[in-house]
Structures are given as C-alpha cells and as structure tokens.
Amino acid sequence: MPFAAVALSLAAHTFADNKPGEIHIAFGNDSQTAMSVVWQTATPTAAPTVQYGTSRSSLGKTAKATRSRYAYETKAIAEAKLTGLLAGTTYYYRVGDKTGGWSEVFSFRTAPRDPKEFTFTAFGDHGVGPVPVKITEDLQKEKPAFNLLLGDISYANGDQPIWDAYLQQIQPFASRVPFMPTIGNHENEEIKKDGKETKIGYVSYLARFALPQAESHYTFDYGAARFVAFNSDDFANPTELAWLKTTLAAARQNKRVKWLVVFQHHPPYGSSKKRGDNVDIIKSVVPIYDKYKVDLVLCGHNHHYERQFPLRAGVITDSGLTGYRRQAGTVYIVQGGGGRELYDFAETKPAMTACREMVNGYLRVTVRKSGPLTIEAKRLDRSLIERFEIKG
Ligand SMILES: [Fe+2]
C-alpha cells in the first residue's frame, strides 16, 4: 500500500462499525507451529475468532480469542493463539465474528524446520507519522521472515489512543510479518490523573502484544539462531539478570543454536551528544554477554545508527571493517532511527565505533546455517550505510 493510502486508512478507521482493526501477529512459543494474533474492536463482540487455513478460499480452522484487558483500555482487545501449525507453511486468516464483522484476509508464513538461510529486519524508536510509515513500507520490500522492534514503540506516553493510531498504522506490515518487540523506556508509561502523573508501567504493552513466554522478556528460535528479548528498562532487577544468565547459558549448551542474538532497547555503548556510554549496563550486563559469547546485541534508544567493532570486556578484538570471526567478540549495534527526531553525535568518534551516521533507517540481517551472518544497515530509501559479516 502506498504511503498516502496508509495515512488515509489510518485517519478513516473509526471502529464505528465495530469491525476489527489494529491487527498484528507474533510468533507463539514455537516459531514453526504457533502464531498469536491480536486485534481490537470498538466494543466487545460475542465470539471473537480467527478463521484460518492453508488456502485463501478455505479458512476451515478456528481459534477462539480471549479478552486482554487493562485498566486504561480504549477498545476491546482480542487475543488468539494459533497452535499445531505446519512448519514452513503459508497460512491465510481473517479475524472477527458475525456480530462485529470480519477483517480482510491476511497471510503469514511459519518458520521452516531447518532453513539454510533467512532474513530478518530490526529497528527501534518508531512512533506515528510519515517516517514511521515509510520504514514499514521499506521493510515489506525486504521480505523479512519477521521484524524485531527494539523498544520505544508507539510513544503513547500514557495517552492510550496513540497506541490505537500506532497499531493501526503498522497493520499493513504487522498483520503479515511477525512483529517481535522488546520494552523501551517509553513503554514504562505515566498517565495524568487528577492533575498528577501516575506511573502505570508496562500494562499497555503487556495487554496489546501477545508474545512467547513471559511477555516482558522472551526467547524464540528461527533456523540456526536464538533471539533473546531482554528488558533493559529493568536491567538492574536481579530477576531479569538471573533470567538472562540462565537463558544465555541454555542457548550455548544447545548445539542447534549457532547464532545468539540479544535485542534490547538501551545500548551499553554509544557516542550520541545527548548521552554517552551507559556505565551501569556496561558494568552489570556486558560481562554476561562476554561470558556467553553473544554474537549480536541489537539496541535502539539513540535516534541514529552506530556500530562498534567486536568487543570483549570493552576491548576491540578485531578492527577490520567488513568481516569478523564468530564468537571472537560481541558486536553491538544501535539502530534507533525508526522515525523520531534524530540525535546528533558527540564530535569525537570513539575508537571503538566502527561506523556511525545520523539518519533514519533499519537493519537487514541474513542468517545462515552454514556460512556467514550478514548485517546490512540501511537508510530510509533502502540505500546502504554499511555491510559487514560475522564468518560462519
Ligand atoms: Fe528510549
């Protein structure tokens, strides 16, 4: 859908007819066999359901949805879990029911059993507006297996209808491509009540997404890679850190996991003018990444692109620009250029920064079972900022 059409449909979706909107999908507990679908209607309908099947003309299977409620809800959230799916298969689906009406038919593809290679996309700091719409249009052209959203998602900041505008905005993309978010500082919301700001925490995020395991942090596998969503907004919480250690240890004991990718909002390293390195995260989280030889840590928070050379304990292990040995160091990347105002860099580029550019964009990563991991950092027009590889 062209940009103008997306903007128009955003404005036009009033929910007056109680038809489903804000439709988005995410992998369930197993990316090969399970998918979650979430949508909203203006008011609760009698029997919200997903009808689905392996051909567009035959949606013979059904999954009943449950209500996902929170104290500040704007409409009625329906959440359905599709399980027992076939790996590597295209499914067609629509959501709704007789009383509210049905959505159009969308399709998604489950993870194949043992793909030789696949591509995913990632970026953070999204929000509502023309640049955020353009980013998801670019992503659709990349044909990713799924997208990681690196925190700071809608920028609702407590204003709940902004979540509705956001989820309607991403529907053309997120109804077809699993949209796997992690928590940023803007998901930790405050609302104005009786003239006072009241912290409501992550309740909107938790109600509006259906994700694998505990939704504040989770893992999923796709091919030879394991993806770990870490809540860096709560990194000092001993429970979070204990979960991270256990999760990474288990990943490294699993012979099927060749590539280990963590995605979180707050970067440990960075040279934005607004904020430099995060010394607390460097002290408490980076040693865990070093110990378990995490291949990639993908972050947002700073609204630009910045990538470090591979590091161990903050020391560069390889100063080449385009190719690195696997597990020799961890590569940290900031891609927070998803659509908000850009951040300038501090004048001096740190020695550990391999590449930085103040631009909107996203990451396109190709993962191979045998062969290298290829990372392409792209601008909004899909042109290349840089390409590098971690050898397989
Ligand atoms: Fe942020």
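Everything quoted here is computed from the prediction, not taken from an experiment.

1. A closer look at the overall build of the protein chain
Each helix and strand in the protein chain was counted, giving 7 helices and 27 strands. The C-alpha radius of gyration computed for the protein chain amounts to 20 Å, which stays within 12% of the reference 21 Å derived for 392 residues, consistent with globular compactness. Overall size of the protein chain, expressed as C-alpha extent along the three principal axes, is 60 × 55 × 40 Å. By residue count, 47% of the 392 residues in the protein chain fall in the buried class. Sequence separation of at least 24 residues holds for 71% of the intrachain contacts in the protein chain that already meet a minimum separation of 6.

2. Observations regarding the sheet that holds strand β5 (residues 66–67)
Reading across from one edge, β1-β2-β6-β5 is the order of the 4 strands in this open sheet, with antiparallel pairing throughout. Edge strands, defined here as strands with exactly one partner in the open sheet, are β1 (21–27) and β5. Of the pairings in the sheet, the one linking β5 to strand β6 (residues 76–82) comprises 2 bridges and is antiparallel in character. Within β6, the residue paired with R67 across the bridge is A78.

3. Examining the sheet that holds strand β25 (residues 361–368)
Strand order across the open sheet formed by 7 strands is β12-β11-β10-β25-β26-β27-β22, with mixed pairing between neighbours. Bordering the open sheet on either side are β12 (179–181) and β22 (323–324), each of which pairs with just one other strand. One ladder, built from 6 bridges, connects strand β26 (residues 373–379) with strand β27 (residues 384–390); its direction is antiparallel. Looking at β27, one finds that K378 is bridged to L384.

4. What about the domain arrangement of the protein chain?
By a frequent convention, interface size equals the accessible area lost on bringing the separate parts together. Per the domain assignment, the segments of the protein chain are domain 1 (3–109) and domain 2 (117–390). Placing a centre on the C-alpha atoms of domain 1 and another on those of domain 2 gives a separation of 26 Å. Of the residues lining the interface, 31 residues belong to domain 1; the matching set on domain 2 comes to 35 residues. Listed by contribution, the elements that provide at least two residues to the side of domain 1 that touches domain 2 are α1 (3–12), β1, β2 (35–41), β6 and β9 (106–109). For the side of domain 1 that touches domain 2, the leading source of residues is β1, giving 7 residues. Of the residues in the side of domain 1 that touches domain 2, the class split is 15 nonpolar, 10 polar and 6 charged.

5. As for helix α3 (residues 160–174)
The end-to-end C-alpha distance of α3 is 19 Å, a good match for the 21 Å that 15 residues give at a rise of 1.5 Å each. At Q168, α3 shows its maximal kink, close to 25°; a proline, P172, follows between one and four residues later. With 11 of 15 residues buried, α3 is to be regarded as a mostly interior element. Regarding α3, the residues found buried are W163, D164, Y166, L167, Q168, Q169, I170, Q171, P172, F173 and A174.

6. Observations regarding helix α2 (residues 130–142)
Here α2 is 13 residues long and its end C-alpha atoms lie 19 Å apart, about the 18 Å a rise of 1.5 Å per residue gives. Of the residues making up α2, those classed as buried are P132, V133, I135, T136, D138 and L139. The positive-phi residue at the C-terminal boundary of α2 is K143, with phi of around 50°.

7. Remarks on the nonpolar core
One finds V37, A122, V261, F263, L298 and L363 to be the most contacted residues of the largest nonpolar core, which totals 97 residues. Each residue touching L298, except ones within four places of it in the same chain, is listed here: A122, L148, L150, V261, F263, I333, Q335 and L363.

8. Side note on the pairing of strand β7 (residues 90–97)
Across 5 bridges, the pairing between strand β3 (residues 49–53) and β7 is antiparallel. Each bridged residue has a counterpart across the sheet, and for Y52 the counterpart in β7 is Y93. Summarising the sheet, β7 and β9 pair through 4 bridges and their orientation is antiparallel. Paired with T90 across the strands is R109, a residue of β9. Once β7 ends, the chain turns through 3 residues before running back antiparallel as strand β8 (residues 101–102).

9. Quick notes on the environment of G100
Residue position: G100 is located in the loop between β7 and β8. Sequence separation between G100 and N18 is 82 residues; the distance between their C-alpha atoms is 5.1 Å. The residues touching G100, leaving out its near neighbours within four places in the chain, are N18, K19, P20, T41 and T45.

10. Focus: the pairing of strand β14 (residues 196–201)
Side-chain direction in a regular strand flips from residue to residue, so the side chains alternate between the two faces of the sheet. Among the 6 residues in β14, 0 count as buried, and that is only a small part of the element. Of the strand pairs in this sheet, strand β13 (residues 189–193) and β14 are connected by 5 bridges, and their pairing is antiparallel. The partner of E189 across the bridge, within β14, is G201. Between the end of β13 and the start of β14, which pair antiparallel, lie 2 residues, with D194 showing a positive phi angle near 50°.

11. Some thoughts on unusual backbone geometry
Positioned with a positive phi, K143 is a non-glycine residue whose angle comes to about 50°. One non-glycine residue, Q213, lies in the positive phi region at around 55°. Assessed through the 14 C-beta atoms surrounding it within 10 Å, Q213 is described here as partly exposed.

12. Considering the environment of G392
Following the sequence through the fold, G392 ends up in the segment after β27. The spatial distance from the C-alpha of G392 to the C-alpha of V367 is 9.4 Å, given a sequence separation of 25 residues. Residues within four places of G392 in sequence aside, it is in contact with R326, R368, S370, G371, P372 and L373.

13. Notes on the environment of W39
In this structure, W39 sits in strand β2. The buried category is assigned to W39, around which 27 C-beta atoms lie within 10 Å. Distance in space between the C-alpha atoms of W39 and Q168 is 9.5 Å, their sequence separation being 129 residues. Discounting chain neighbours no more than four positions away, the residues touching W39 are P20, G21, E22, I23, A78 and V95.

Quick notes on the rules
- Residues numbered from 1 in each chain as written.
- Predicted model: local features only at pLDDT ≥ 70, side-chain atom pairs only at ≥ 80, totals over all residues.
- Helix = DSSP H or I, 4+ residues; strand = E, 2+ residues; numbered from the N terminus.
- Rg over C-alpha atoms; globule rule 2.2 N^0.38 Å.
- Buried ≥ 20, exposed ≤ 12 C-beta atoms within 10 Å, placed from the backbone.
- Contact = placed C-beta atoms within 7 Å.
- Pairing = 2+ DSSP bridges.
- Domains from an automatic or database assignment.
- Nonpolar A, V, L, I, M, F, W, Y, C, P; charged D, E, K, R; others polar.
- Expected span 1.5 Å × (residues − 1).
- Bend = angle between axes of the 7 residues up to and from the residue.
- Core = buried A, V, L, I, M, F, W, Y, C linked by C-beta atoms within 7 Å.

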